[in-house]
Amino acid sequence: MDARDKPGHGELGDQGLGGTVGEALDETAAALAAAGIDEPRRQARRIMVAALGLSPAEVFAHPHRRLDREEHARIQAMVRRVAAHEPLSRITGHREFWGRDFVLSRDTLDPRPETETVVEAVLARLTDREQPYRFLDLGTGSGCLLLALLSEYPQASGIGVDVAYGAAITARHNAARLGLGERASFVAGDWGAGLAGGFDAVVANPPYIATADLAALMPEVRDHDPRRALDGGADGLAAYRAIARDLPRLLVPGGLLAAEIGLGQADSVAEIIIAGGLAVERVAPDLAGIARVVLACRLG
Ligand SMILES: C[S@@+](CC[C@H](N)C(=O)[O-])C[C@H]1O[C@@H](n2cnc3c(N)ncnc32)[C@H](O)[C@@H]1O
């Protein structure tokens, strides 16, 4: 065995995993902790779920279930990759958002839980779920925002736009998997350019990291999310400026904008949106209490 074959810091040797689910869970959590992975126990449980095809409840309920060789090897392979800072969602190719399963691809951002604040904010503002709203999702990625909304408004329809052709294809695939394909269309394009108006709400989670800050992001993000999903230009606000210009044309009078923002961006983004001709209604916090979504409307 030469140095490359030896288990490194945070990896598991063949003998490292125990023979039962419970032992494997403990060993995995310890290996991930040693590799400096956040929330190692939670990650270890997610690995068990993904590698064994069990529900979280089954992992919890059957700690004495014995692992066969193949299961053991699958867990080991996943542990190595997660210990090397690859997100589990990239390894499995799936991420849950708004209680639904989304397929990811190399062109899509891995959807984040805080982005669900955009969906909540729209639901709180457009309270009649039976209206045939038309939604526009700018920078749709996996399609998670548009598809979450369409799942809540059964009469609504919408368009998702992404500059990455591969993202539009993945979003279309997700729409079909979720049974929403008839009401959702996805196109490759540059924000709202080339789209006619008539939208009741525009949602967007644009790239908002300043270019100079990209290098310091966690490797899970920097090395695995597409750069164009992250890079917001010199001050992180370039996408908001580009989007704001088109909003009065895209929205119906009284139409709503719900845009996700990064840490500390509320005032700057509100200013850009007001300069674009909309009225800012409020800034909604996420579950951590961080200002996360700017809500604005086109005055009628
Ligand atoms: C932060 S990601 C959000 C993805 C998805 N909406 C989500 O919340 O998970 C931003 C998205 O904007 C897209 N994007 C970047 N520049 C764009 C442009 N000029 N026009 C349209 N989409 C763009 C990226 O490809 C990426 O999918």
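Residues numbered from 1 in each chain as written. Predicted model: local features only at pLDDT ≥ 70, side-chain atom pairs only at ≥ 80, totals over all residues. Heavy atoms only, no water.

Draft legend 1. View of the nonpolar core. Counting residues in hydrophobic clusters, the biggest one holds 33 residues, and the most contacted among them are Phe-97, Val-119, Val-122, Leu-126, Phe-135, Tyr-153 and Phe-186. Counting only elements with at least two residues in this core, the list comes to α6 (116–125), α7 (144–152), α8 (165–177), β5 (184–188), β6 (199–204), β7 (251–260) and β9 (291–297). Looking at this core element by element, the count peaks at seven residues for α7. Residue contacts for Phe-186: discarding those within four places in its chain leaves Thr-140, Gly-143, Leu-146, Leu-147, Gly-160, Ala-168, Ala-171, Arg-172 and Ala-175. Residues Val-202, Val-269, Val-294 and Ala-296 belong to the second largest nonpolar core, which totals 29 residues. (Core = buried A, V, L, I, M, F, W, Y, C linked by side-chain atoms within 4.5 Å. Buried < 20%, exposed > 50% of the residue type's maximum accessible area, 1.4 Å probe, protein only. Helix = DSSP H or I, 4+ residues; strand = E, 2+ residues; numbered from the N terminus. Contact = heavy atoms within 4.5 Å.)

Draft legend 2. Up close: the packing of aromatic side chains. Applying the stated rule across the entire model yields four aromatic pairs. For the pair Phe-97 and Phe-102, a centre-to-centre distance of 6.1 Å together with 80° between the ring planes defines the contact as edge-to-face. Here Phe-102 falls in the buried class, since its relative accessible area comes to 0%. Chaining the aromatic ring pairs together yields one cluster made of Tyr-133, Phe-135 and Tyr-153. (Phe/Tyr/Trp six-rings, centres within 6.5 Å; stacked < 30°, edge-to-face > 60°.)

Draft legend 3. Spotlight on the confidence of the model for the protein chain. Looking at the protein chain as a whole, its pLDDT mean stands at 93, while 94% of the residues score no less than 70. This model gives residues 1–17 a pLDDT under 50, and the stretch forms 27 contacts once residues within four places in sequence are excluded. (pLDDT = per-residue confidence, 0-100.)

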